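Next come the chains, spelled out residue by residue.
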Amino acid sequence: MSDVQTSEVMAGLAASIPAAPKEGQLVEGTVSALGRARVFVDIPPFGTGIIYGREYMNARDILRKVSIGDTIAAKVVMPENEDGYIELSLKEARQALIWADAEEAVKRGTVMSLLVKEANKGGLIIEWQGIQGFLPASQLSADNYPRVADGDKDKILSALNELVGKHLSVVMITADQKEHKLIFSEKGLEEKQEKEEKVGKYEVGDVLTGEVTGAVDFGVFVKVEQGLEGLVHISELDWGLVEDTRALYKVGDKVKVKVIEVKDDKISLSIKQLRENPWIGAAKTYRKDQIVDAVVIKYNRHGALASIEEGVAGLVHISEFEKEANLKATLSLGSVYKFKITLFEPNEQRMTLSYKAANEAVK
């Protein structure tokens, strides 16, 4: 083997070795050994982790129940100590996982029943997963909001104290790990329930007329009734390629939409499903191995997309051109070329095209 080949092999081997986990990264591994006030964790393919010292003391109640073979999640404190171990923290990992759950609860609008621990003049202190959170008085439902005519703060506190020891159904509206802040709302639950009632009136397949209220990179929001908007994802706007939603729709545009999903307090919509799927017509016109004219409409990391008719496009793979520069030099955006259909699955809306095979056939 030549020196060049050897260096290439070594470079390939080096590239295949995974990077060591970074400080603060969450990792998962299997308990491989239990020592005195220390736990060893096998973390393939990185090596062996260790929980000891202060980190062991912080999580000793949990670690005492751990057995060899158990899978645990931990947070990297030091990627490699002087003994070659990855130092881990179980307590910090639990905190990170809890805050990840909190962020998910905010996103999903999860309803939870929580105990009121304390009251102050601004609202209520409640606890979730061992973390204290705050429910501002302004976020209380109409039934629990302190009605004090003169706004006397002592009277407000007295009214709030009546809720201490009770369970309230709330939703989390803020989860900020850096600030160690959780904010809850009881009013938000009422709004969520009202929205669910509105959404419940609709069924998949319903055709509605709505008004565009916003266009973003990933789709268009459409108001179907007062207080209820649905998202038309970019993939549901048109059968053809959509790169700029704002070029298609403006705020205030009236559009017809089809309900494609109803879930909890959300409704998903489609515009393209109210139009005939062009792949149905294409199935009658085109076949595998056919030579066709197609216009190049987009480059991507796999090659180029070329359209044989509106809404029906296939991939021209970059492997035909060896590298991206060759592909772009050969196929210009907006230009029409001859291609051979090498894969045609209209039911799956999949097609691949070959520039090389078409030109060889012509010769």
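Going by the structure above, here's the rest.
Every chain is numbered on its own, with residues counted from 1 as its sequence reads. A pLDDT threshold of at least 70 governs which residues receive local features in this predicted model, and a stricter bar of 80 or more applies before side-chain atom pairs are shown or counted, although totals over entire chains, interfaces and linings include all residues. Neither water nor hydrogens contribute to the side-chain values; these are computed over all heavy atoms in the structure.

1. Overview of the overall build of the protein
In this text, helices come from DSSP runs of H or I with a minimum length of four residues, and strands from runs of E with a minimum of two, each type numbered from the N-terminal end. Counting its secondary structure elements, the protein contains 10 helices and 20 strands. Here the globule rule is a power law, 2.2 Å times the number of residues to the power 0.38, and the radius of gyration is based on C-alpha atoms. Over its C-alpha atoms the protein spans a radius of gyration of 30 Å, topping by over 25% the 21 Å that the globule rule assigns to 363 residues. C-alpha atoms of the protein, sized along the principal axes, occupy 90 × 70 × 30 Å. Across the 363 residues in the protein, those meeting the buried criterion constitute 36%. Residue contacts are defined here by distance: any two heavy atoms, one from each residue, within 4.5 Å place the two residues in contact. Considering only residue pairs separated by 6 or more positions, the protein has 58% of its internal contacts joining residues 24 or more positions apart. Shrake-Rupley sampling with a 1.4 Å probe provides the accessible areas, and residues are treated as covered by the protein chains on show and by no other component. By element, 48% of the accessible surface of the protein is carried by carbon and sulfur atoms, the whole surface being about 21,400 Å². Within the protein, one finds 47 positive and 56 negative side-chain charges whose respective centroids are separated by 1 Å. Three exposure classes are used, based on accessible area relative to the maximum for each residue type with a 1.4 Å probe and protein chains only: buried under 20%, partly exposed in between, and exposed over 50%. Charge counting follows a simple rule: Lys and Arg are positive, Asp and Glu are negative, and His as well as the terminal groups are ignored. Taken as the charge location is NZ of Lys, CZ of Arg, CG of Asp or CD of Glu.

2. Points about the pairing of strand β1 (residues 26–35)
Looking along a regular strand, one sees side chains alternate from face to face of the sheet. Strands are treated as partners if at least two bridges between them are detected by DSSP. Where β1 and strand β4 (residues 71–78) come together, 5 bridges link them in antiparallel fashion. Bridge assignment links Val27 to a residue of β4, and that residue is Ala74. Bridging between β1 and strand β2 (residues 38–43) involves 5 bridges; their strand directions are antiparallel. Counterpart to Val31 in the pairing with β2 is Val41. Counting the residues that bridge the hairpin from β1 to β2 gives 2 residues, and of these Ala37 lies at a positive phi of roughly 60 degrees.

3. Structural notes on the pairing of strand β6 (residues 111–120)
By the bridge criterion, 5 bridges tie β6 to strand β9 (residues 167–176) in an arrangement that is antiparallel. Among the inter-strand pairings, Ser113 is bridged to a residue of β9, identified as Ser169. In the sheet, β6 pairs with strand β7 (residues 123–128) via 4 bridges, with the strands oriented antiparallel. Across the sheet, residue Val116 finds its bridge partner in β7, namely Ile126. Hairpin geometry of β6 and β7 is characterised by an intervening segment of 2 residues between the two adjacent antiparallel strands.

4. Observations regarding empty space enclosed by the protein
Think of a 1 Å grid over the protein atoms and nothing else: a 1.4 Å probe that fits but is trapped marks a cavity, an open set flanked by protein within 12 Å on at least five of seven lines marks a pocket, and residues with an atom within 4 Å of a point count as lining. Grid points are joined across faces, edges and corners, and a volume is the space filled by probe spheres set on the points. Under the criterion given, the structure shown has 1 cavity of 30 Å³ or more. Size it by volume and the largest cavity reaches roughly 30 Å³. Within the residue set of the lining of the largest cavity, elements represented by two or more residues are β16 (291–300) and α9 (324–330). Ranked by residues supplied to the lining of the largest cavity, first place goes to α9 with 3 residues. Residues are grouped as follows: Ala, Val, Leu, Ile, Met, Phe, Trp, Tyr, Cys and Pro are nonpolar; Asp, Glu, Lys and Arg are charged; every other residue, Gly included, is polar. Across the lining of the largest cavity, the residue classes break down as 3 nonpolar, 2 polar and 2 charged.

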